[in-house]
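# Structural overview
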Amino acid sequence: MKTIRRGRPKSDRPKFDVGTPEQIMKRATLSPTDPTMSSTPLDVLKVRHIISDEAHTAAGYFAALRKMVFGKAHPSAIDLTAVSGMPSEHDHADAERKYRDACFAMKAMSSNSLHAVENLVVHERWPGWLLGESMHGSDYMRFCVGISALLGWYKGNMRKAA
């Protein structure tokens, strides 16, 4: 009797799929020093040193608070914040209060700064100024004002918790 083999035929595939040449080039363009940090606009800002490590942490905290209040902004295959980025708040009311306070801190600086930060951090919309357009435009300035206000709020909030 003849043995029937099942499954994939043997081939010389790499152990890890790094993507197409176009994807490799795109990742290297977005984040030349660490292509693994090219998946979100927030990570690209950090690796390019446009924002500090602390601002990156504050923005991640803000995104996690928003997720606790409203749920996921968009569906994704994997949820990294469920593993390592969620705030320590288990009280939904406390998370909502902190989220609203952070929003008010950004709105107090500029009415559009909250939208600029949310678009980039929460909704992961890639702004033109991050993809090669001028970083001297009003969109970039709104984001800078918003992230500065968010960082100030975050530092004050963490001081109160300590």
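Note that the structure is predicted; figures quoted are calculated from it, not measured.

### Brief notes about helix α4 (residues 92-109)
- With 18 residues, α4 extends 26 Å from end C-alpha to end C-alpha; this agrees with the ideal 26 Å at 1.5 Å per step.
- Those residues of α4 not exposed but buried are A95, K98, Y99, A102, C103 and M106. Taken around the axis of α4, the buried residues stretch over an arc of 135°, which confines them to a single face. Summarising the geometry of α4, the exposed residues directed more than 90 degrees from the buried face are F104 and A108.

### Some remarks on the environment of L130
- Position of L130 relative to the elements: it lies in the loop between α5 (113-121) and α6 (138-161).
- Residues L130 and L45, 85 residues apart in the sequence, show an inter-C-alpha distance of 8.0 Å.
- Filtering out sequence-adjacent residues up to four positions away, L130 remains in contact with P41, V44, L45, R48 and I50.

### As for the side chain of S38
- Summarising the element assignment, S38 is placed in the loop between α1 (21-30) and α2 (41-47).
- Its relative accessible area of 8% is what places S38 among the buried residues.
- Separated by 2.7 Å, the side chain of S38 and the backbone oxygen of P35 make a polar contact.
- In this view, S38 contacts R27, L30, S31, V44 and W126; residues no more than four positions away in its chain are not counted.

### Some details on the side chain of T40
- Position of T40 among the secondary structure elements: in the loop between α1 and α2.
- Its relative accessible area of 16% is what places T40 among the buried residues.
- Leaving out residues up to four positions away in the same chain, T40 has contacts with E124 and W126.

### Overview of the packing of aromatic side chains
- Inspection of the entire model under this criterion finds six aromatic pairs.
- On the numbers, 5.5 Å between centres and 65° between planes, the contact of Y61 with Y154 is edge-to-face. Of the two residues, Y61 sits in helix α3 (residues 53-70) while Y154 sits in helix α6, which places them 93 residues apart along the sequence.
- Measuring from centroid to centroid gives 4.9 Å for W129 and Y140, while their planes differ by 65°, and the two rings are edge-to-face. Of the two residues, W129 sits in the loop between α5 and α6 while Y140 sits in helix α6, which places them 11 residues apart along the sequence. Here W129 matches Y140 in class, with each residue buried.

### Things to note about the pattern of salt bridges
- The tally for this structure, following the rule as stated, stands at eight salt bridges.
- Across the pair R97 and D101 runs a salt bridge whose closest N-O atoms are separated by 3.3 Å. In this pair, R97 and D101 are both assigned in helix α4, four residues apart and thus about one turn of the helix distant.
- With relative accessibility at 31%, the residue D101 sits in the partly exposed group.
- Between D139 and R142 there is a salt bridge; the shortest N-O distance is 2.7 Å. Of this pair, D139 and R142 both sit in helix α6, separated by three residues, roughly a single helical turn.
- The class of D139 is partly exposed, set by a relative accessible area of 47%.

Parameters and conventions
- Note on numbering: residues in each chain are counted from 1, in written sequence order.
- Only residues with pLDDT of at least 70 are given local features in this predicted model, and only at 80 or more are side-chain atom pairs given and counted; all residues enter the totals for whole chains, interfaces and linings.
- Note that the side-chain values use all heavy atoms of the structure and ignore hydrogens as well as water.
- The way it works is that DSSP assigns letters per residue, a run of H or I at least four long becomes a helix, a run of E at least two long becomes a strand, and they are numbered from the N terminus.
- Take the number of residues in a helix, subtract one, and multiply by 1.5 Å to get its expected span.
- Exposure is judged per residue with a 1.4 Å probe applied to protein chains only, and the accessible area is read against the type maximum: over 50% gives exposed, under 20% gives buried, and values in between give partly exposed.
- Comment: arc refers to directions from the helix axis out to C-beta atoms.
- The contact criterion used is simple: two residues touch if any of their non-hydrogen atoms lie within 4.5 Å.
- Under the rule applied, a polar contact is a pair of N or O atoms within 3.5 Å (in protein, one hydrogen donor and one hydrogen acceptor; residues adjacent in sequence only if both atoms are side-chain atoms).
- Any two of the Phe, Tyr and Trp rings considered here, Trp counted by its six-membered ring, make a pair once their centres fall within 6.5 Å; the pair's planes then place it as stacked at under 30 degrees, edge-to-face at over 60, or tilted in between.
- Within this document, salt bridges are pairs made up of a side-chain nitrogen of Lys or Arg and a carboxyl oxygen of Asp or Glu, the two lying within 4 Å of each other.

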